[in-house]
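A look at the structure
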Amino acid sequence: MSGSLMILGCFVLGVLLAWLGWIPDYFLEHDGTLYVLYVLYVLMFLVGISIGHDRRLGEILRTLRPRVLLLPLATTVGTFAGAALASITLAYSLSECLAVGSGFAYYSLSSIFITQYKGAELGTVALLANIMRELATLLFTPLMVRWISPLAAISCGGASTMDSTLPVITRFAGKQWVFVSIVHAMILDFSVPFWVTFFCTL
């Protein structure tokens, strides 16, 4: 949880510094927005490095079974259904809510994409919504494992189940769910740029 709070703290600090006018002009474009596209390129490069450097990647690909793919599919369908229901009561369109939901708790990547396509307001909503999804997984995994299923906790964690939420899932669900959690997150990680771009361009 400390990592998520650190991310949120950095976001709040950035807002305060920009609002107070303490950000140097060379960090800004003529219209006052950050060079988010270049940050996005760097972030995608680093994501590729982190996945390619993971020594478990070869083992995961060799032992991959079709059944394992059903969980990320269920997470995707459930997330989109929840985002569609939320759009009924929110001041955002269906496509905008689906774009936010398709971050799957990958707040850094999805919020940059959405800011690039839809502006800072929806990008901020995406950042906070996806951070809250990760925090909810960290807080409620013991209850979900006990009252529902380990799969519920993994699905709730979205793309974070191979890094920040993996320890809590392993602790309360058991080590037998590590492989499922990692495959689940890897598939969702790859899908985030495609889904977010798709919904933002509708």
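Section: unusual backbone geometry
Even without glycine at this site, Phe104 takes up a positive phi of about 50°. A positive phi angle is found at Ala105, which is not glycine, with a value near 75°. Of note, Ala105 is situated in the loop between helix H5 (94-101) and helix H6 (107-118).

Focus on the side chain of Ser111
Mapped onto the secondary structure, Ser111 falls in helix H6. Residue Ser111 is classed as buried on the basis of its relative accessible area, which comes to 10%. There is a polar contact of 3.2 Å between the side chain of Ser111 and the backbone oxygen of Ser108. When sequence neighbours within four positions are dropped, the list of residues in contact with Ser111 reads Gly123, Ala126 and Leu127.

Overview of a nonpolar patch on the surface
Nonpolar side chains collect at one region of the surface, where Val12, Leu16, Trp19, Leu20 and Trp22 lie side by side and expose about 610 Å² of accessible area between them. When you line up the elements, Trp19 lands in helix H1 (residues 2-19). Here Trp19 falls in the exposed class, since its relative accessible area comes to 70%.

Regarding helix H9 (residues 166-173)
Here H9 has its buried residues at Leu166, Val168, Ile169, Thr170 and Ala173. On the buried face of H9, the contacting elements are helix H7 (120-147), helix H8 (150-157) and helix H10 (178-200). Backbone geometry just after H9 places Gly174 at a positive phi near 110°.

Focus on the nonpolar core
Phe104, Ile114, Val192 and Val196 are the most contacted members of the largest nonpolar core, which has 19 residues in total. For this core, the elements supplying multiple residues, two or more each, are helix H4 (70-89), H5, H6, H7 and H10. Among the elements that make up this core, the one with the highest residue count is H10 (five residues).

Side note on the packing of H4 against H5
Packed helix pairs are specified by the crossing angle of their axes together with the interaxial distance, meaning the distance between the axes. Across the interface, H4 lies against H5 with an axial gap of 8 Å and an inter-helix angle of 140°. Here H4 is positioned oblique relative to H5, judged by the angle of their axes. When you trace H4 past H5, the crossing you get is right-handed. Facing Thr79, Phe80, Ala83, Ala84 and Ser87 of H4, the residues of H5 in contact are Leu94, Cys97, Leu98 and Gly101. Split into classes, the residues belonging to the contact of H4 with H5 amount to six nonpolar, three polar and no charged.

Focus on the packing of aromatic side chains
As enumerated under the stated definition, the model contains six aromatic pairs in all. Between Trp195 and Phe198, the aromatic rings sit 6.3 Å apart at their centres with planes inclined by 75°, giving edge-to-face as the arrangement. With a gap of three residues between them, Trp195 and Phe198 both fall in helix H10, about one helical turn apart. For Trp195, a relative accessible area of 31% corresponds to the partly exposed category. Residue classification places Phe198 among the partly exposed residues on the basis of a relative accessible area of 43%. Plain terms: the ring middles of Phe198 and Phe199 are 5.2 Å apart, the flat faces sit at 65° to each other, and that makes the pair edge-to-face. Relative accessible area serves as the criterion here: at 6%, Phe199 is assigned to the buried category. Members of the aromatic cluster, connected to one another through ring pairs, are Phe80, Phe104, Trp195, Phe198 and Phe199.

About the thresholds
Residues numbered from 1 in each chain as written. Predicted model: local features only at pLDDT ≥ 70, side-chain atom pairs only at ≥ 80, totals over all residues. Heavy atoms only, no water. Helix = DSSP H or I, 4+ residues; strand = E, 2+ residues; numbered from the N terminus. Buried < 20%, exposed > 50% of the residue type's maximum accessible area, 1.4 Å probe, protein only. Polar contact = N/O pair within 3.5 Å; in protein donor to acceptor, adjacent residues only side chain to side chain. Contact = heavy atoms within 4.5 Å. Patch = residues over 30% accessible without salt bridge, like charges linked within 9 Å, V, L, I, M, F, W, Y side chains within 5 Å. Areas by Shrake-Rupley, 256 points an atom, 1.4 Å probe, with all protein chains shown as cover. Salt bridge = Lys/Arg side-chain N within 4 Å of Asp/Glu carboxyl O. Core = buried A, V, L, I, M, F, W, Y, C linked by side-chain atoms within 4.5 Å. Axes fitted to C-alpha atoms, helices over the stretch in contact; angles between N-to-C directions. Parallel < 35°, antiparallel > 145°, perpendicular 65-115°, else oblique. Left-handed = near helix turned anticlockwise from the far one by under 90°. Nonpolar A, V, L, I, M, F, W, Y, C, P; charged D, E, K, R; others polar. Phe/Tyr/Trp six-rings, centres within 6.5 Å; stacked < 30°, edge-to-face > 60°.

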